[in-house]
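Fold and geometry: a report
Spelled out, the chains give:
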Amino acid sequence: MIKYILFFLVFIQFSAIAQKDSVNCSIQIQDLWDLDLNKSTVMVDFNLVVTYKKPEHKKFNFLNSTIISIDTLVNDDSAKFFTVRIIAELRTNFDFNSYPLDKQKIIIKLEPYLYFDELVCFSNKKQNIFIDKTNLNGWKTDSIRFSNPVSVYKIEESNGENIYKYSAVLFEIPIVRKRQFFYFTKFFLPSLISILIIYIGFLLPPKQIEPRLNLSLGSLFVMISNFIVIQQMLPSISTITLIEKINIVSLVIISLTILFFSLSYRFKDKFSDRIWYKLNLWFVVSSIASYFLLLFLLFRYSN
């Protein structure tokens, strides 16, 4: 019984949508360039192709862009079809949580002037294409995704709060960094080398505190320098990136090792060399296991 009720409700919903007018929108990307991660902007050159039923369906608002130029290529009222070429600066929100293994989305969003009750927008996936290669240095693109969300606006007016709905057209262009492994290794290698250097100190007796601490402090300075370099390359963001989390884990391991070396020197005469050997071995095994376990968890839940 419940299945029949749900089917009936879905049928009513699709019947209501079918009674509305609709427009078919698609884009043809000519070029993408000048990606600015600090400003969260990118330049785009694309053709907007629209098939409509009524002349009033030809008007759209571009929500996340500044139009630089717009030229009409085709305007056939008899065929209810037009194509315009648009050059615009797009504004989008970039997600740096997985930096430098991050995957970003370039978004083109537009809305018709008519309300959702009057007009519904849709797109044919096969019509959204790249006409030419893009010029996003260091990034690669391979697809254009389409979705049809409903934008809801609540506006306070003289007669109270009114709700307005529009059938938005949302195109998403996923972009991925080229040579991600090389890019990540460039930042991760100093962290790994610092951890390996500090463990060399465990080959020295606990009484040789000076060379132990020198190795530890050298690793600590390398980590701090690497942290500063990463901060300079990133825009001002409120989130902690993947590579920053890895550096924080490395800093914690190095700090704990320095503390262990200091305690070893402080209590060097209270235990035999055999006991100190076992304590050193226990610390090395447990810290390495903890380090790689934390790295695994960071990679596992970075996306």
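Scroll up to find the structure this text is about.
Residues numbered from 1 in each chain as written. Predicted model: local features only at pLDDT ≥ 70, side-chain atom pairs only at ≥ 80, totals over all residues. Heavy atoms only, no water.

1. Details of the overall build of the chain
Counting secondary structure elements, the chain contains five helices and 13 strands. Taken against the 2.2 N^0.38 rule, which gives 19 Å for 303 residues, the C-alpha radius of gyration of the chain at 29 Å runs more than 25% over that of a compact globule. Dimensions of the chain, computed from C-alpha atoms along their principal axes, come out at roughly 95 × 55 × 40 Å. Looking at the chain as a whole, 38% of its 303 residues qualify as buried. Long-range pairs, those at least 24 residues apart, make up 72% of the contacts in the chain with a sequence separation of at least 6. Carbon and sulfur atoms form 61% of the exposed surface of the chain, whose accessible area is close to 18200 Å². The averaged location of the 25 negative side-chain charges in the chain is 12 Å from the averaged location of its 33 positive side-chain charges. (Helix = DSSP H or I, 4+ residues; strand = E, 2+ residues; numbered from the N terminus. Rg over C-alpha atoms; globule rule 2.2 N^0.38 Å. Buried < 20%, exposed > 50% of the residue type's maximum accessible area, 1.4 Å probe, protein only. Contact = heavy atoms within 4.5 Å. Areas by Shrake-Rupley, 256 points an atom, 1.4 Å probe, with all protein chains shown as cover. Lys, Arg positive; Asp, Glu negative; His and termini not counted. Charge placed at Lys NZ, Arg CZ, Asp CG, Glu CD.)

2. Some remarks on the side chain of Glu172
By secondary structure assignment, the location of Glu172 is in strand β13 (residues 169–177). By relative accessible area, which is 17% here, Glu172 ends up buried.

3. Points about the packing of aromatic side chains
Per the stated rule, a full pass over the model turns up 13 aromatic pairs. Considering the side-chain rings of Phe146 and Phe171, the 5.5 Å spacing of their centres and the 50° angle between planes classify their relative orientation as tilted. Of this pair, Phe146 sits in strand β10 (residues 145–147) while Phe171 sits in strand β13, and the two are 25 residues apart along the sequence. Between Arg300 and the ring centre of Tyr301, over which it is positioned, the NZ or CZ distance is 5.3 Å. (Phe/Tyr/Trp six-rings, centres within 6.5 Å; stacked < 30°, edge-to-face > 60°. Lys NZ or Arg CZ within 6 Å of the ring centre and 35° of its normal.)

4. With respect to the nonpolar core
Ranked by size, the top nonpolar core spans 60 residues in total, and within it Ile29 and Ile108 carry the most contacts. With nine residues, helix α4 (residues 242–266) is the largest single contributor of residues to this core. Not counting residues within four places of it along the chain, the set of residues in contact with Ile108 comprises Ile27, Ile29, Val44, Phe46, Asn64, Leu90, Val169, Leu170, Phe171 and Ile173. (Core = buried A, V, L, I, M, F, W, Y, C linked by side-chain atoms within 4.5 Å.)

5. Section: the pairing of β13
Walk down a regular strand and you will see the side chains alternate between the two sheet faces. Taking burial as the measure, the nine residues of β13 include eight buried ones, the bulk of the element. Pairing geometry for strand β9 (residues 139–141) and β13, over three bridges, is antiparallel. Its bridge partner lying in β13, Lys140 is registered against Val176. Note that β10 and β13 share three bridges and pair antiparallel. Its bridge partner lying in β13, Ser147 is registered against Leu170. (Pairing = 2+ DSSP bridges.)

6. Considering unusual backbone geometry
In the segment running from Tyr99 into Pro100, the intervening peptide bond is cis, with an omega of 5°. Among the structural elements, Pro100 can be located in the loop between β5 (81–91) and β6 (103–112). In this structure, Ser40 takes a positive phi of about 60° despite not being glycine. With respect to the helices and strands, Ser40 occurs in the loop between β1 (21–36) and β2 (41–51). Located in the positive-phi region is Arg179, a residue other than glycine, with phi close to 50°.

7. Let's talk about a positive patch on the surface
Taken together, the side chains of Lys133, Lys140, Lys178 and Arg179 define a basic patch exposed on the protein surface. Take Arg179: it is sitting in the loop between β13 and α2 (180–200). The class for Arg179 is exposed, based on a relative accessible area of 60%. (Patch = residues over 30% accessible without salt bridge, like charges linked within 9 Å, V, L, I, M, F, W, Y side chains within 5 Å. Salt bridge = Lys/Arg side-chain N within 4 Å of Asp/Glu carboxyl O.)

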